[in-house]
Structures are given as C-alpha cells and as structure tokens.
Amino acid sequence: ADQGNLDLKSAVSRVKQARAQLGVVTGELYPQVDINADASRQQASKKSLSNVTEQGITGEQFDLGTSASWEIDLFGRIQRSVEAARADLQASQEDRADVMVSLYSQVAQAYLNVRTLQARIAATTENIQSQKGVLKLTQARFKWGLATALDVSQAETVLASSISELPPLKNNLTQAYSTLALLLGLTPNALRAELEMPKPIPRPPAQVAVGVPADLLRQRPDIRRAERQLAAATARIGVATADLYPRFTLLGSLGTSASNFSDLFGSGSFTYSFGPSIYWNIFSGGSVRSQIKVQDALTEQALLTYESKVLGALKEVEDALDAYTQEKIRQKALRETVVSSRRALELAIRLYKEGLQDFQPVLDAQRNLFDYDNQLASSKGQVAVNLVNIYQALGGGWDPTQVAVPPQESLTKASAAN
C-alpha cells in the first residue's frame, strides 16, 4: 500500500507542491537579478516636427545590461510569508501522515474482512455438513416408519436455508479481495491466489497500551496538521499587517548602449544607476485593514478547527476503547454459547435417535448453532477491527513507553532531511 496506493501518491505530490511553494516565497528574501539585451532598427516619421532634416530619421540601437532589486524586509512582510509557507509545508507533511494512517487502517480492516468472511464460510460449511447428516438420519427413520414426512421436510428446509447463506458470503469475499487489491494499487484479482487459502483471524494482544492524552496530541497527524494550519493563518496576519507600512527597495542597473554594435563596449557607452525606492500605499479605501480582518477571521476559524479536532480525537479514542472492550465481552459470551449450542444439538440428536423426543428440538438446536457460529466468527473479526480502530484513533500503531518526538522537532528534522 505504501508503494502503490494512488491516494497516498497524491498526498506525496501535495507535499512536493508545498515544498516548491516555500522555495518560491523564500526567494523573495534575496536580491533579484536580471540580464537584458536588446537590438533594434528604428525609423522616425519624416513628417515629424522633431525631424526637420533627413538626418537621424533611421538608425540602429543596441542595449545590454543587468539590473538588480532587493526589498529590505523592515516590517516582516516577506519573513511572515516564509513562515506561512513553511507551516503550509508542515501541514502537507502531516496530511500525508494522516493519509498513511487511514490507508494502513483500511488495509488492515480489509484483510480482517477477508479472514472473517472465510471463517464465516467455514462455519456455514461445517453446519451444512452437520445438517446433511441430520437429514440422512431423518430420511432413514422415515423409511422405517420412525419419523414423519414433516420431519424430513423441516430438515430439508433448514439445510436449504443454510446453503442459501453461502453465495452472499462468497460474493462478499470476492469483493473483499478486490477492495484490498485496490488499496494496494493492484488489479481486482491480483491477490486472490495469495489469499484464497483460509487462515485464522489475527488475535489481538491480551492487553492494549493506549498511553495518555498528551501522547494522543503528539501522535494524531490530523491534530498536528490543524495546528500547522493555525500557524500558517497566524503568519498571514503579519503579511497583511505589513501592508500598512512602506516598502523599501534597493535598485541598481549596469549596462551599455550604443547606436553601432562596434561601439557597444566602448568607454563612453556604459550606463549605470542605483538608489533606493519607497512604496507606501497611504490610502486604499480601507482595503488593507479589511484584509487584516479577513486574516483574523481565518485564524479564528483555524483555531476552532484545531479545538474541534482535539475534542473529536478524544471522543474517537474513548468510543474505540469502549467498542473494543464490549465486543471482547460479547465474544466470550458467544464462545460459551456456541459450546452450549453444540452440546445441545448432540443431545437433541441422541434423544431423537432413541425416540425419547420429537424432531423439533433438533431443528431449534441446528438453527441456534448455525446462528451463533456465524456470530462468533463475525465477533472475532470485529474485535480485531476494533483494535485497528483504536490504533487509528491514536494516530497509528506505536509504543507509548517510548519517548515521543515533539511535533515541531520532528518536522524540523524532516525538513532538514528533505
């Protein structure tokens, strides 16, 4: 999935875009240097008042030079833009991490769904074989006058009902193969040969370490992304505020100009200019201050989004933990129920063989065992899925006993490595 998933590749591409945008903004901190060259042949109008003679009506002009400009960032406009772009890059990196956590969770759940469906198919097949044995027993007893035609019909009904459960399960299994393959960026049938051999549903560990709420804030990529988006919005307030003040720019140019190409590099052909430039928008109808208010509102929205992410994350963890705990309790009860149901079916068949009771208890025991067997297989898969949900809510599988790297330090190291 890490190599082939298309959504993850899109997230990686967004990181590249943000990194390139940071380079664009950072470039404004440095002088901008241009080189220009021009060659032209000109002809003035003979009717022009400025040309009373025919001399100078036509001519050539050659220019070659370089110019430079450097905005002195006295009020932090460019620096704030760089801070915003860097925060955007860090947010895109966290977005990629969030996509990875979600992707790995989906892969795990899809794999668990495959194994759960295989377990349900196995349980259904086993019950069908048992029901076929009961049908043969009933048919034999009917042949010898020890059972009624109703008994045979009811046994056939139960068997047919169980067999009808297999096609939907097999269809769901085929779709599960395709879902898992899609997550890995493969064709629908690419994994069928590898997964067709049934294997047990992975068993969760006896205990699950979840750490403390502070670890949650460090581990959740979506929370870290919201925090970085808040930082970017805050920096843009500074960008908008800087427009209230003047901009100072150093300008300079050096070149040569001549009407004959042979004189282009002569001593009298060189030109130069340098000096400061000041730009100050002293009146804009209130648009600058309105833009500051826009950025203030966007920052407030980013803060509310961050707070919402934190509260939502805490809720997801609590819900996932409770679902995991309750499903484990349910699984234990179902396991005991299956054992009791199997024993009840064996006793009902024995009593039916011995003529000590009618066929109805056998039918009830068959239906109960079929139902509880399927519920147990589903519950085993659900417990494992709920554990995956816990890890996803915590921001990924991790060991809380290890010292977590603070988000800013981690992002700094990642940026340096890139």
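Scroll up for the structure.
Residues numbered from 1 in each chain as written. Predicted model: local features only at pLDDT ≥ 70, side-chain atom pairs only at ≥ 80, totals over all residues. Heavy atoms only, no water.

Trainee: Looking at this model, I keep getting lost on the overall build of the protein. Mind explaining?
Mentor: Along its length, the protein carries ten helices and four strands. Reading the protein from its N end, one meets helices and strands in the order α-β-β-α-α-α-α-α-α-β-β-α-α-α. Classification of the 418 residues of the protein by burial places 34% in the buried group. Accessible surface, the protein as shown: approximately 24,700 Å² in total, 56% of it carbon and sulfur. (Helix = DSSP H or I, 4+ residues; strand = E, 2+ residues; numbered from the N terminus. Buried < 20%, exposed > 50% of the residue type's maximum accessible area, 1.4 Å probe, protein only. Areas by Shrake-Rupley, 256 points an atom, 1.4 Å probe, with all protein chains shown as cover.)

Trainee: Is there a simple way to think about the side chain of Ser105 in this case?
Mentor: Inspection of the secondary structure assignment puts Ser105 in helix H2 (residues 77-143). In this view, Ser105 contacts Val388 and Gln392; residues no more than four positions away in its chain are not counted. (Contact = heavy atoms within 4.5 Å.)

Trainee: Even after reading the chapter, I still don't get the nonpolar core, so can you show me in this structure?
Mentor: Soluble globular proteins: nonpolar side chains tend toward being buried together. Judged by nonpolar contacts, the single largest core of 41 residues is most densely connected at Phe359 and Val362. Of all elements in the fold, only helix H1 (6-26), H2, helix H3 (149-164), helix H4 (166-183), helix H8 (287-353) and helix H9 (360-393) reach the threshold of two or more residues within this core. (Core = buried A, V, L, I, M, F, W, Y, C linked by side-chain atoms within 4.5 Å.)

Trainee: Sorry if this is basic, but what is going on with the pattern of salt bridges here?
Mentor: Where charged atoms from two side chains of opposite charge come close, those side chains can pair. Summed over all chains, the structure comprises 17 salt bridges. Between Asp98 and Arg225 there is a salt bridge whose closest N-O contact spans 3.4 Å. With Asp98 in helix H2 and Arg225 in helix H7 (residues 221-242), this pair connects stretches of sequence that are 127 residues apart. The class for Arg225 is buried, based on a relative accessible area of 14%. The salt bridge involving Arg367 is made with Asp364; its shortest N-O contact spans 3.6 Å. (Salt bridge = Lys/Arg side-chain N within 4 Å of Asp/Glu carboxyl O.)

Trainee: Just to check I follow, could you spell out the layout of surface pockets for this structure?
Mentor: Picture a little ball the size of a water molecule; that probe, rolled over the atoms, points out where space is still empty. By volume, the largest pocket is sized at about 430 Å³. Elements with a minimum of two residues in the lining of the largest pocket: H2, H8 and H9. The leading source of residues in the lining of the largest pocket is H8, at five residues. Taken together, the residues of the lining of the largest pocket break down into ten nonpolar, two polar and seven charged. (1 Å grid on protein atoms, 1.4 Å probe; cavity = no way out; pocket = protein on both sides within 12 Å on 5 of 7 lines; lining within 4 Å. Points joined across faces, edges and corners; volume = space filled by probe spheres on them. Nonpolar A, V, L, I, M, F, W, Y, C, P; charged D, E, K, R; others polar.)

Trainee: Is there a simple way to think about the packing of aromatic side chains in this case?
Mentor: Aromatic ring pairs are reported here in terms of the distance separating the ring centres and the angle at which the planes meet. Applying the stated criterion across every chain, the model contains three aromatic pairs. Residues Phe75 and Tyr245 carry aromatic rings whose centres are separated by 4.8 Å and whose planes lie at 15 degrees to one another, so their mutual orientation is stacked. You can see Phe75 sitting in the loop between strand E2 (58-72) and H2 and its partner Tyr245 sitting in the loop between H7 and strand E3 (247-258), a full 170 residues away along the chain. An angle of 15 degrees between the planes, with centres 6.4 Å apart, marks the rings of Tyr272 and Phe274 as stacked. Accessibility assignment for this pair places Tyr272 and Phe274 in one class, exposed. (Phe/Tyr/Trp six-rings, centres within 6.5 Å; stacked < 30°, edge-to-face > 60°.)

Trainee: Explain the packing of H7 against H8 here, please?
Mentor: Each pair of packed helices can be described by the angle between their axes along with the distance between the axes. Here H7 crosses H8 at 170 degrees, and the two axes come no closer than 9 Å. Here H7 is positioned roughly antiparallel relative to H8, judged by the angle of their axes. With respect to the hand of their crossing, H7 and H8 are arranged in left-handed fashion. Looking at the contact of H7 with H8 residue by residue, the classes come out as 14 nonpolar, six polar and six charged. (Axes fitted to C-alpha atoms, helices over the stretch in contact; angles between N-to-C directions. Parallel < 35°, antiparallel > 145°, perpendicular 65-115°, else oblique. Left-handed = near helix turned anticlockwise from the far one by under 90°.)

Trainee: Just checking my understanding: could you explain H3 for this structure?
Mentor: Residues spaced three or four apart along an α-helix point in a common direction, a consequence of the helix completing one turn every 3.6 residues. Taking 1.5 Å as the rise per residue, H3 with 16 residues should run 22 Å; its terminal C-alpha atoms sit 22 Å apart, in good agreement. Buried within H3 are the following residues: Asp151, Val152, Ala155, Val158, Leu159 and Ser162. Along the axis of H3, the buried positions cluster into a sector of 130 degrees, meaning they face one direction only. Packing partners of the buried residues in H3 comprise H2, H4, H8 and H9. (Expected span 1.5 Å × (residues − 1). Arc of directions from axis to C-beta.)

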